[in-house]
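Given next are the chains, with one letter for each unit.
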Amino acid sequence: MMKKILLINTGGTFSSRPGENGLTPALSSEEIGTLLGGFDPALSITPEDHCSLDSSNITPDHWRTLALRIGEDVERWDGVVLIHGTDTMAYTASMLSFMLQNIPIPVVLTGSQMPLGVPMSDAADNLRCALQMAASGRGGVFVAFDRKIMLGCRTSKVRTVSFNAFESINYPYVGEVNAFGLQLRLEETPPAGPFRLQVDYSDRISVLKLFPGMDPDIFRFLQERGYEGIYIEGFGLGGVPFLKSDFTAEIRRASQSGLPILVGSQCRYEGSNLSVYETGQRILDCGGIPVHDMTQEAVVTKLMWCLGQSKRREDIQRLFRENLVQEVRVP
Ligand code: ASP
């Protein structure tokens, strides 16, 4: 039996053409098939167009409608491939991981650094790898790029123009494509529980990247404007200042008033640990919630998703202590 793959196009460089104002998404999924000279004949591929956007214009509502499209019909397909712009692909991959928890089929995002049809483009190769992964039977949300397969909630875009634009952060690669074909490295682990399609979210969140001398007054401003959760990217292992600009006092005040304040690191690799320095321990004493080794994309989307389940600070804290989809290693 041929594997049935749903191929959803959302735009990005992959399907872009030069326009009056630079590269802009233009190709439909049918045109992508035509340019490729047809899709892999060993697979039964159903092309579909969701939107045609540079991924800078992707919004949380696109995540919701994509998750519904995939999740409501999940038994119809052996796998799903999503063509997506690379700029926000890691956010979409992370949010779909939370919205489609324990999905029994592979959902594989891919895109490219150069448009399909341009000589030297990586588009056709990336799509081929994504389709192979989508036919693998391994449940979960993944990114396929530059012959690597990564867990969706662990990916970040780390380079702007090189073909190896994505990395798996603080987590092993799931697989790669080499001379033996698709090689999945980790042992197949069955989904941890029943498939849960949960698409509620809140986008009333904010990310504060600290810099020396930053005014902690920003907290009050955000709280007054109705923001429901804040993620602070602190220094190094996750430190925040407590002397001249006293962030810890603001974390205490905001936490006591019920606003969840998450704290992690500006460093991309190796995660945060708030228990090492005084600048970290004070955060824990004040009610700050640690995010350990999560990517920024996973923290942002998990916070949005958790706030869709509950607005209570205690519930958000509890959910951030849990490893829902391999997005975090809680020590
Ligand atoms: N600006 C493009 C996008 O994210 C970049 C890409 O796809 O590589 O849609």
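The structure we're discussing is the one just above.
In this text, all values refer to a predicted model and were calculated from it rather than measured experimentally. (Residues numbered from 1 in each chain as written. Predicted model: local features only at pLDDT ≥ 70, side-chain atom pairs only at ≥ 80, totals over all residues. Heavy atoms only, no water.)

Caption draft 1: Focus on the side chain of Lys302. Within the element layout of this structure, Lys302 appears in helix 8 (residues 296–309). Lys302 sits in the buried class, given a relative accessible area of 0%. A distance of 2.6 Å separates a polar atom in the side chain of Lys302 from a polar atom in the side chain of Glu327. Once residues within four sequence positions are removed from consideration, Lys302 is found in contact with Phe98, Met294, Leu319, Phe320, Glu322, Leu324, Glu327 and Val328. (Helix = DSSP H or I, 4+ residues; strand = E, 2+ residues; numbered from the N terminus. Buried < 20%, exposed > 50% of the residue type's maximum accessible area, 1.4 Å probe, protein only. Polar contact = N/O pair within 3.5 Å; in protein donor to acceptor, adjacent residues only side chain to side chain. Contact = heavy atoms within 4.5 Å.)

Caption draft 2: Structural detail: the site of the ligand. By nearness alone, every residue bordering the ligand is listed as Gly12, Thr13, Asp54, Ser55, Gly85, Thr86, Asp87, Ser112 and Gln113. Take Asp54: an N or O atom from its side chain is 2.9 Å from a nitrogen atom of the ligand. Residue Thr86 places a side-chain N or O atom 2.5 Å away from an oxygen atom belonging to the ligand. In isolation the ligand has 270 Å² of accessible area, and contact with the protein removes 89% of it. Across the shell around the ligand, the residue classes break down as no nonpolar, 7 polar and 2 charged. (Near = heavy atom within 4 Å. Areas by Shrake-Rupley, 256 points an atom, 1.4 Å probe, with all protein chains shown as cover. Nonpolar A, V, L, I, M, F, W, Y, C, P; charged D, E, K, R; others polar.)

Caption draft 3: Geometry of the packing of aromatic side chains. All told, the structure shown has 3 aromatic pairs when counted by the stated rule. Above the plane of the ring of Phe242 lies Arg282, whose end atom (NZ or CZ) is 3.8 Å from the centre. Stacked on the ring of Phe320, the Lys or Arg Lys302 has its end atom at 4.8 Å from the ring centre. (Phe/Tyr/Trp six-rings, centres within 6.5 Å; stacked < 30°, edge-to-face > 60°. Lys NZ or Arg CZ within 6 Å of the ring centre and 35° of its normal.)

Caption draft 4: Quick peek at the packing of helix 3 (residues 89–99) against helix 8. For the pair helix 3 and helix 8, interaxial distance at closest approach is 8 Å and the crossing angle is 40°. Comparing the axis directions of helix 3 and helix 8 gives the class oblique. In terms of crossing hand, the pair formed by helix 3 and helix 8 is right-handed. Two secondary-structure elements touch here, helix 3 through Ala90, Tyr91, Ser94, Met95, Phe98 and Met99 and helix 8 through Gln296, Glu297, Ala298, Val300, Thr301, Lys302, Met304 and Trp305. Here the contact of helix 3 with helix 8 is composed, by residue class, of 9 nonpolar, 3 polar and 2 charged. (Axes fitted to C-alpha atoms, helices over the stretch in contact; angles between N-to-C directions. Parallel < 35°, antiparallel > 145°, perpendicular 65-115°, else oblique. Left-handed = near helix turned anticlockwise from the far one by under 90°.)

Caption draft 5: A look at the pattern of salt bridges. According to the stated counting rule, one finds 19 salt bridges in the structure shown. Among the salt bridges present, the one from Glu48 reaches Arg69, with a minimum N-O distance of 2.6 Å. Of this pair, Glu48 sits in strand 4 (residues 43–53) while Arg69 sits in helix 2 (residues 60–71); the two residues are 21 residues apart in sequence, bridging distant segments of the chain. On the basis of relative accessibility, which here comes to 23%, the residue Arg69 falls in the partly exposed class. With a closest N to O distance of 2.7 Å, Lys157 and Asp87 form a salt bridge. Of this pair, Lys157 sits in strand 10 (residues 155–157) while Asp87 sits in the loop between strand 5 (79–83) and helix 3; the two residues are 70 residues apart in sequence, bridging distant segments of the chain. Among the charged side chains, a network of salt bridges with common partners joins Arg312, Glu314, Asp315, Arg318 and Glu322. (Salt bridge = Lys/Arg side-chain N within 4 Å of Asp/Glu carboxyl O.)

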